[in-house]
Amino acid sequence: MTKIHSIQKKLLKYINEDQNIISVINFLFGLQFITPYLALYMQNQLQSLSQVALVFALQSASMVIFEIPSGLSADILGRKKSLIIAGLLQLISLITLYVSSNIVGFFLFAIFQGVITGFTLKTSESYLYEALVKKKEVNDYKKHYINIQGMWSVGATVSSLSSGILAFFNIKSLIIASIAVSSFIPYLALFLTDIKGQKIKKKKNYFKTLTKILNHELFTKSITAFVLFNIFYLGIFNESLKLKSILFNYKTISIELIGIFTALFYFMTTIGLRASHYLSKKLSDYKVFLIGLSGFITSTVFSMFTDGIVSVLIFSLNGFFFSINNPIISHLLNKNISNYHRATTISVFRLLSNFAQLVIGIWISIATVYIEITDVYLMMALLLITLLFFFKRMFVYLK
């Protein structure tokens, strides 16, 4: 009995730490068993890669529409309520996915997922940064960011490993398992300490806030090129991530192995996140960003010109190369943001990235009617190379 009380005491102490709660919530958002097979599941239901790409494009459109309102709600309602809303919406979206068999149902699922992404990403980032400012540990932001965001990758890795077994029998069982896991998210969010940004009382302040963010925080002379390039960089990575199960299937990977290789991809993401802080201390943000970007482009190109397991192994390196850059992008962005409108400013950045993702998604929906999926990935890599020449000024900021 004493042991049980001791364990309960330790658990209560653990959940009283906001940082730990955010970590667990991120783990559960990553622990979605359907994620590795989502694109393939929808393709089997719709019998059209083009329509699947259109569903994902709608998700990006939803993210664009709700990005700033969700950021404002995190600043006005508080981070805690925002995460509770996100958890409840996650349950609704998964139930919608389970009962749907046509494009209308998948459209609804995509809209919900767009809203959820808006609520979760900048809320956890804002929570972390503001907590570190209070503790005067903001210089360690990248290290703590890695620990919290890395939990999503850990969750995704765990769910991917086990989803291959479930998918072999019935892919729909993956949705049921995801619903069960997601039911804990809104409950855990209740234990968070609430944090609010500056209260916006009048409607005109909303527009003043957006103007200030665009003119004085995101698009200052020193950071404009960096922001513009990474808008597309994030957009391309997220689109390539959504379609990877279809790519793996195209590369003749069996359905049970798709989960294992997806787990490998997320495992590489976790390693990249863990290595990022160490590498940037040893080398510099500038050099790490160059390594990550060039590696991402190279592994994408080489994986398209190989087949089978070799191709998927090379593609999995994308998880590592992108994730060593992700903490650097977030850190450099947060350095230029004022505390009063942090969540809203991150929302504006994500909105612009999601808009780029929307454009790319619509293009993929049209392109897949005429070209193979491998050609789509090659063209996305070519787009990144082209953008490097247009936004080469960002390297001045990185140095």
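Starting from 1, residues in each chain are numbered consecutively following that chain's sequence as written. With the structure being a predicted model, the display of local features is reserved for residues of pLDDT at least 70 and the display and counting of side-chain atom pairs for 80 or more, all residues being used for whole-chain, interface and lining totals. With hydrogens and water set aside, each side-chain value is computed from the structure's full complement of heavy atoms.

Attention shifts here to the overall build of the protein chain. The secondary structure listing takes helices from DSSP runs of H or I that are at least 4 residues long and strands from runs of E that are at least 2 residues long, numbered from the N terminus. The helix and strand tally for the protein chain stands at 19 helices and zero strands. For the protein chain, the proportion of its 399 residues judged to be buried stands at 57%. Residue-level accessible areas treat just the shown protein chains as cover; the underlying method is Shrake-Rupley with a 1.4 Å probe. Looking at the protein chain as shown, the accessible area adds up to about 17400 Å², and 68% of this sits on carbon and sulfur atoms. The rule is simple: take the accessible area with a 1.4 Å probe, protein chains only, and divide by the maximum for that residue type; under 20% is buried, over 50% is exposed, in between is partly exposed.

Our focus in this paragraph is the packing of helix α13 (residues 255–282) against helix α15 (residues 308–323). Convention adopted: a line fitted to C-alpha atoms gives each axis, helices being fitted over their contacting stretch, and angles between N-to-C directions are expressed from 0 to 180 degrees. Direction vectors running N to C along α13 and α15 enclose 30°, while the axes themselves pass 7 Å from each other. By the angle between their directions, the pair α13 and α15 is classed as roughly parallel. The chirality of how α13 crosses α15 is right-handed. Contact with α13, carried on its side by Phe261, Leu264, Phe265, Met268, Thr269, Ile271, Gly272, Leu273, Ala275 and Ser276, involves Ile309, Val312, Leu313, Phe315, Ser316, Leu317, Asn318, Gly319, Phe320 and Ser323 of α15 and no other residues of that element. When residue character is reported, Ala, Val, Leu, Ile, Met, Phe, Trp, Tyr, Cys and Pro are called nonpolar, Asp, Glu, Lys and Arg charged, and the others, Gly included, polar. By residue class, the composition of the contact of α13 with α15 is 13 nonpolar, seven polar and no charged. Angles below 35 degrees are treated as roughly parallel, those above 145 as roughly antiparallel, those between 65 and 115 as roughly perpendicular, and all remaining angles as oblique. Helix crossings are classified by the rotation of the near helix relative to the far one: an anticlockwise turn of less than a right angle makes the crossing left-handed, while a clockwise turn makes it right-handed. What makes two residues a contact is simply this: any of their non-hydrogen atoms within 4.5 Å.

What follows deals with the packing of helix α14 (residues 285–304) against α15. Contact geometry for α14 and α15: axes closest at 8 Å, N-to-C directions at 165°. One element, α14, and the other, α15, form an angle in the roughly antiparallel class. Crossing geometry of α14 relative to α15 is assigned as left-handed. Here α14 contributes Ile291, Gly292, Gly295, Phe296, Ser299, Thr300, Phe302, Ser303 and Met304 to the contact with α15, which in turn contributes Ser311, Ile314, Phe315, Leu317, Asn318, Phe321 and Phe322. Partitioning the contact of α14 with α15 into residue classes produces nine nonpolar, seven polar and no charged.

Here the focus is the side chain of Thr157. Along the chain, the position of Thr157 falls in helix α7 (residues 141–169). Overall, Thr157 belongs to the buried group, its relative accessible area being 12%. We define a polar contact as two N or O atoms separated by no more than 3.5 Å, with the added condition that, inside protein, one atom must be a possible hydrogen donor and the other a possible acceptor, whereas residues neighbouring each other in sequence contribute only through side-chain atom pairs. At 3.4 Å, the side chain of Thr157 and the backbone nitrogen of Phe267 are in polar contact. Leave out the neighbours within four places in its chain, and Thr157 touches Ala263, Tyr266, Phe267 and Thr270.

All right, on to the pattern of salt bridges then. Pairing between side chains becomes possible if they bear opposite charge and their charged atoms approach one another. Salt bridge, as applied in this entry: a Lys or Arg side-chain nitrogen positioned within 4 Å of an Asp or Glu carboxyl oxygen. All told, the structure shown has one salt bridge when counted by the stated rule. Its salt-bridge partner being Glu239, residue Lys242 comes within 3.2 Å of it at the nearest N-O pair. Within this pair, Lys242 and its partner Glu239 are both found in helix α11 (residues 224–242), separated by three residues, close to a single helical turn. As far as burial versus exposure is concerned, Lys242 and Glu239 are alike and both buried.

Turning next to the packing of aromatic side chains. Aromatic rings in a pair are described by how distant their centres are and how their planes are angled relative to each other. Pairing of aromatic side chains requires ring centres within 6.5 Å, counting the rings of Phe and Tyr and the six-membered ring of Trp. Pairs whose planes differ by under 30 degrees are stacked, by over 60 edge-to-face, and all others tilted. Across all of its chains, the model carries 14 aromatic pairs by this definition. When the centroid spacing of 5.3 Å and the interplanar angle of 85° are considered together, the rings of Tyr187 and Phe191 count as edge-to-face. With 5.7 Å between their ring centres and 75° between their planes, Tyr233 and Phe296 make a pair best called edge-to-face. Linking Tyr233 in helix α11 with Phe296 in helix α14, this pair joins segments that are 63 residues apart in sequence. Both residues of the pair, Tyr233 and Phe296, count as buried. Of note, Lys172 hangs over the ring of Tyr98, and the distance from its end group to the ring centre comes to 4.6 Å. By definition here, charges over rings are those cases where NZ of Lys or CZ of Arg is within 6 Å of the ring centre and within 35 degrees of the ring normal. The cationic tip of Lys244 hangs over the ring face of Phe265; the distance from NZ or CZ to the ring centre is 5.8 Å.

With that out of the way, let us pick up the nonpolar core. Grouped together as the largest cluster of nonpolar side chains are 90 residues, with contacts concentrated most on Ile25, Tyr233 and Leu243. Broken down by element, the residue count for this core peaks at eight residues, all from α11. When sequence neighbours within four positions are dropped, the list of residues in contact with Ile25 reads Leu83, Ile185, Leu188, Ala189 and Leu192. For our purposes a nonpolar core is just a set of buried Ala, Val, Leu, Ile, Met, Phe, Trp, Tyr and Cys residues, chained together by side-chain atoms within 4.5 Å.

Attention shifts here to helix α3 (residues 38–46). Counting buried residues in α3 gives seven out of nine residues, a clear majority hidden from the surface. Of the residues flanking the end of α3, it is Gln47, one or two places downstream, whose phi is positive at about 60°.

Quick look at helix α8 (residues 172–182) now. All of the buried residues along α8 are Leu174, Ile175, Ala177, Ser178, Val181 and Ser182. For α8, the buried positions fall inside an angular range of 165° around the axis, keeping them on one side. Throughout, the arc means the angular range of directions from the helix axis out to the C-beta atoms.

Nonpolar side chains (Val, Leu, Ile, Met, Phe, Trp, Tyr) are joined into patches within 5 Å and like charges within 9 Å, using only residues with over 30% relative accessible area and no salt bridge. Where nonpolar side chains cluster on the molecular surface, the patch consists of Ile65, Phe66, Val104, Leu108 and Ile111 and spans about 430 Å² of accessible area. Of all the secondary structure elements, the ones that give two or more residues to the nonpolar patch are α4 (49–76) and α6 (103–135). In terms of residue count, α6 provides more of the nonpolar patch than any other element does, three residues in total. Relative to the helices and strands, Val104 is located in helix α6. Residue classification places Val104 among the exposed positions, given a relative accessible area of 53%.

The subject of this paragraph is the side chain of Ser316. If you trace the backbone, Ser316 turns up in helix α15. Judged by its relative accessible area of 1%, Ser316 falls in the buried class. For Ser316, the contacting residues outside a window of four places in its chain are Phe261, Leu264, Phe265 and Met268.

Turning our eyes to something else, we now look at the confidence of the model for the protein chain. Per-residue confidence for the protein chain gives a mean pLDDT of 77, with 70% of residues at or over 70. Scored from 0 to 100, pLDDT reflects the predictor's confidence in each residue. Looking across the protein chain, the model is least confident in helix α1 (residues 2–15), with a mean pLDDT of 46, and most confident in α15, with 90. Confidence drops under pLDDT 50 across residues 7–16; counting only partners more than four residues distant or on other chains, this segment forms four contacts. In the model, residues 197–204 has pLDDT below 50 throughout and makes 11 contacts with residues more than four positions away in sequence or in other chains.

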